[in-house]
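Listed below are the residues making up each chain.
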Amino acid sequence: MSTTAPFGTWPSPITPGTITTRTVRLSQVRVDGGDTYWVEQRASQAGRQVLLRRDAAGQTGEVLPLTPSDELVDARTRVHEYGGRAYAVDSGVIVVSHAGDGRLYRYEVAHRMRGLVPLTIYGDVRHGDLEIDTARGLVYAVREDHRGEGEPVSSLVAIPLDGSAARDDAPVRTIVSGTDFVSSPTLSPDGEHLAWITWDHPSMPWDNASLHVGDLNPDGTIGEQTVVDGGQGHSVAEPRWTEECDLIHVSNETGFWNLYRTEGFPARGTNRAGWTEHLRTRALHPADATFTYPSWQLGPHHFDVLDNEHLIASWARNGVWHLGTVRLSNGELEEWNVGWQPIGNVAAASGRVVMLAGNELELPSIIEVRAGRVEVLRGSGEFEPEAIGVSFPDPVSWETTDGETAHGFFYPPASAACTGPDGELPPLIVNVHGGPTSLSLPGYNLSTQYWTSRGFAVLDVNYRGSFGYGTRYRRLLNGHWGVSDPDDVVTGAQSLIDAGKVDPGRVAVRGASAGGFTVLRALERSDVFSAATSSYGVTDLAQMARTTHKFESRYIETLVGADGVDDPLMAERSPINAISDIHAPLLLLQGSEDPIVPADQATELYEAVRAQGLPVALEVFHGEGHGFRIAANIRRALESELSFYRQVWGLEADEEGYELTVENLAR
């Protein structure tokens, strides 16, 4: 029997500890024959990323031993700061990037006593997006070299697997250089060709990138090469070879990220002269659908070769992701209804499909689909959602002030134990994802259910600029960052108020990174919000453009539509210059070691808001970068935010937890 209690005060079994100690973050799913590999980020181990293996017999365990310096391996790379693909595996040979010392190591599953063998030098060089070439005894890697002055140098290198470059960098061969960025080295099954992607400032990889393919010489250097697709205003992603050595990739030339197939590569032992002139590239399955994710991190893997006739692929329509096969001969698509939505890598081997997936009643999990049956190989936590009440996502769209349509997912309050009083409407928390070229996915997410289980409603906004709705929708943000996105957030909240679904007097907005910037801009432009939380949000655009890392150093100018960092638009759109327009109580959460949004941006904003006499609180978490990885800090951030809303809105609850100090808040 349920208890009647005010919205926002309900007791919930989802505690900050549930999120930090009872769950892990899963990523980087790969397969190697009958083995499945993935990475788990564990907040309980200060955010260490652990490489795990499930063998063909169903045994699961941490696969890597201690480093020669007796350190636990942290399978992580800092290439582009956002990292991504930090390991590769081929026939039981693993190459991994260890965040502790920045080196690459080789490990052989069948020869465990040999331990980890270092492959690269100590020093300020980073490696990621690894591809193993066992025939040549090499691993191809994206190298980001920070040893010189100015911007780090990006290149594609071939590193010996025998460890000969561990003390002397000379054996490492640079095989692709002269471009601002390079990614996605992909070796053909016959070992004759390598594909890769390049792009240059001011583009991001989803704006204007080119797909290259070249002959591989015996020493791993590139011979004859050509550009297969991309450039000239459109982009490419995810090169992958079929068993017959045709090249599959994704391109957004038509306005949606669709699959393409390139044929005509010469077979091993045939005459290779002039092969670049005989390539034929065609669309495999034209559709208003998106077959990849934005490449914020290295190594996206959202389709794979299932057999010699089919791909297994994931795709999005209107922000919802699907799974199915695509026939290589004619592009015929057949959806698989397996009860799970792909939310990350999709990989295949030996007739089985493994992917990171989620649904409305399960935490994100690694699942295997074989012969139509689904098996959960690894869940991200031990939790039974149905026992506590589940808030299901409702896809919603609304009109913006300039006549466009924005999208999102609405989650009403839900509890197995409590209901709200008759006639009372719930408070609303509007969530703004980062990026801004990213997206919010529907499904069971503890970070959302943490709020809905306490009696808050949540609107997860996929504002203009979000992925998954076509290139036009994404590009609507270019030149309008700080204008269109806050408008979508404000009009989304107002649409729910007008529909009578939420309390108009208790509406908060929250976001992190670029989402934090949108939060601050929304406070300036509307009085619909009575509370706001910005986590490591951008406050000074020009300062960020001058100090941020190479990968997105020109991105801000594109988003704002500015002609350089000194363009007056940068100052005009910067929240630090509009303190007088911020009217609602504000919580700022920030990492002390953030290389993307320096901590002094949050500190300066806090001091300025406090000086104006506005309610404000600041929590700086020492040792954290861009995003919180340490369990104690994640718990403190969640407790602070909950305390903040309850204090601002006068919600009395019996729940114990940290009580935040809010400056200038009348008691």
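Only a predicted model underlies this, so the values are computations on that prediction, with no experimental measurement involved.

Trainee: Could you give me a rundown of the sheet that holds strand 18 (residues 236–241), with the residues and numbers involved?
Mentor: In space, the 4 strands of this open sheet follow the order 18-19-20-21, with antiparallel pairing throughout. Because the sheet does not close on itself, it has two edges, and the strands there are strand 18 and strand 21 (280–283). For this sheet, the mean angle separating the axes of adjacent strands, direction not counted, is 25 degrees. As defined by bridge partners, strand 19 (residues 247–251) adjoins strand 20 (residues 258–263) across 5 bridges and the pair is classed as antiparallel. Along strand 20, the bridge assignment pairs H249 with Y260.

Trainee: Any chance you could break down the packing of helix 4 (residues 484–498) against helix 5 (residues 514–525) for me, citing the residues and the numbers?
Mentor: It is at 8 Å that the axes of helix 4 and helix 5 come closest, and there the two elements cross at 70 degrees. What the angle tells us is that helix 4 and helix 5 run roughly perpendicular. Between helix 4 and helix 5 the crossing geometry is right-handed. For the pair helix 4 and helix 5, contact is made by D485, P486, V489 and V490 and by F517, T518, R521, A522 and R525, respectively. Of the residues belonging to the contact of helix 4 with helix 5, the class tally is 5 nonpolar, 1 polar and 3 charged.

Trainee: Any details on the pairing of strand 14 (residues 181–187)? Residues and values, ideally.
Mentor: With 7 of its 7 residues buried, strand 14 lies for the most part within the structure. Strand direction decides the pairing type here: strand 14 and strand 15 (residues 193–199), joined by 5 bridges, are antiparallel. Directly across from L187, in strand 15, lies its bridge partner L194. Taking the residues that link successive antiparallel strands as the turn, the strand 14-strand 15 hairpin has 5 residues, and the phi of G191 there is positive, at about 75 degrees.

Trainee: Summarise the pairing of strand 17 (residues 222–230); cite the residues concerned and give the values.
Mentor: Inspection of the sheet shows strand 16 (residues 209–216) paired to strand 17 by 6 bridges, in the antiparallel sense. Paired with L216 across the two strands is I222, which belongs to strand 17. Between strand 16 and strand 17, which pair antiparallel one after the other, the connecting turn spans 5 residues, and G220 there sits at a positive phi close to 90 degrees.

Trainee: I'd like to hear about the side chain of T452, residue by residue, with values.
Mentor: Following the sequence through the fold, T452 ends up in helix 2 (residues 446–452). T452 sits in the buried class, given a relative accessible area of 0%. Residues contacting T452, with those up to four places away along its chain left out, are W10, S391, Y411, P412, P413, A414 and V458.

Trainee: Requested: an account of the domain arrangement of the chain, with residues and values cited.
Mentor: For the chain, the assigned domains are domain 1 (3–12 + 385–539 + 574–649) and domain 2 (64–175). Placing a centre on the C-alpha atoms of domain 1 and another on those of domain 2 gives a separation of 38 Å. Across the interface of domain 1 and domain 2, roughly 290 Å² is buried in total on both sides, 53% from carbon and sulfur atoms. Of all residues in domain 1, the largest losses of buried area upon contact with domain 2 belong to P595, I596 and R629, amounting jointly to 89% of the total for that side. Linking domain 1 with domain 2 are 1 salt bridge, by the criterion used here. As a salt-bridge pair, D74 and R629 come within 3.9 Å of each other at their nearest N and O atoms. In terms of residue class, the side of domain 1 that touches domain 2 is built from 2 nonpolar, 1 polar and 1 charged.

Trainee: I'd love a proper account of the packing of aromatic side chains, names of residues and values included.
Mentor: Working definition: an aromatic ring pair is given by the centre-to-centre distance plus the angle between the planes. Counted by the stated rule, this structure contains 25 aromatic pairs. A cation over a ring is seen here: R103 above Y122, with NZ or CZ 4.0 Å from the ring centre. Here the guanidinium or amino end of R454 rests over the ring plane of Y450, the centre of that ring lying 4.1 Å away.

Trainee: How would you explain the sheet that holds strand 26 (residues 341–349) if you had to name every residue and give the values?
Mentor: The strand order across the open sheet built from 4 strands is 26-27-28-29, with neighbouring strands paired in antiparallel fashion. Edge positions in the open sheet fall to strand 26 and strand 29 (373–379), since each of these has one partner strand only. Sheet twist, expressed as the mean angle between neighbouring strand axes with direction ignored, is 25 degrees. Of the pairings in the sheet, the one linking strand 26 to strand 27 (residues 352–359) comprises 6 bridges and is antiparallel in character. Along strand 27, the bridge assignment pairs V346 with M355.

Trainee: Quick rundown of the environment of H626? Include the residues and the values.
Mentor: Among the secondary structure elements, H626 is positioned in the loop between strand 38 (616–621) and helix 10 (631–649). Relative accessible area serves as the criterion here: at 21%, H626 is assigned to the partly exposed category. Taking the C-alpha atoms as reference, H626 lies 13 Å from Q601; in sequence the two are 25 residues apart. Contacts of H626, omitting those with residues within four sequence positions, involve Y82, S513, Y536, D594, P595, I596 and V597. Within the structure, H626 has its side chain in polar contact with the side chain of S513 (distance 2.7 Å). At 2.8 Å, the side chain of H626 forms a polar contact with the side chain of D594.

Trainee: Explain the nonpolar core to me, using residue names and the numbers behind them.
Mentor: Counting 145 residues, the largest nonpolar core has L259, L428, V430 and F529 as the members making the most contacts within it. Ignoring sequence-local partners within four residues, the contact set of F529 consists of V430, V489, V490, A493, V507, A508, V509, A522, L523, H583 and A584.

Conventions used here
Residues numbered from 1 in each chain as written. Predicted model: local features only at pLDDT ≥ 70, side-chain atom pairs only at ≥ 80, totals over all residues. Heavy atoms only, no water. Pairing = 2+ DSSP bridges. Helix = DSSP H or I, 4+ residues; strand = E, 2+ residues; numbered from the N terminus. Axes fitted to C-alpha atoms, helices over the stretch in contact; angles between N-to-C directions. Parallel < 35°, antiparallel > 145°, perpendicular 65-115°, else oblique. Left-handed = near helix turned anticlockwise from the far one by under 90°. Contact = heavy atoms within 4.5 Å. Nonpolar A, V, L, I, M, F, W, Y, C, P; charged D, E, K, R; others polar. Buried < 20%, exposed > 50% of the residue type's maximum accessible area, 1.4 Å probe, protein only. Domains from an automatic or database assignment. Buried area = accessible area lost by both parts, 1.4 Å probe. Salt bridge = Lys/Arg side-chain N within 4 Å of Asp/Glu carboxyl O. Phe/Tyr/Trp six-rings, centres within 6.5 Å; stacked < 30°, edge-to-face > 60°. Lys NZ or Arg CZ within 6 Å of the ring centre and 35° of its normal. Polar contact = N/O pair within 3.5 Å; in protein donor to acceptor, adjacent residues only side chain to side chain. Core = buried A, V, L, I, M, F, W, Y, C linked by side-chain atoms within 4.5 Å.

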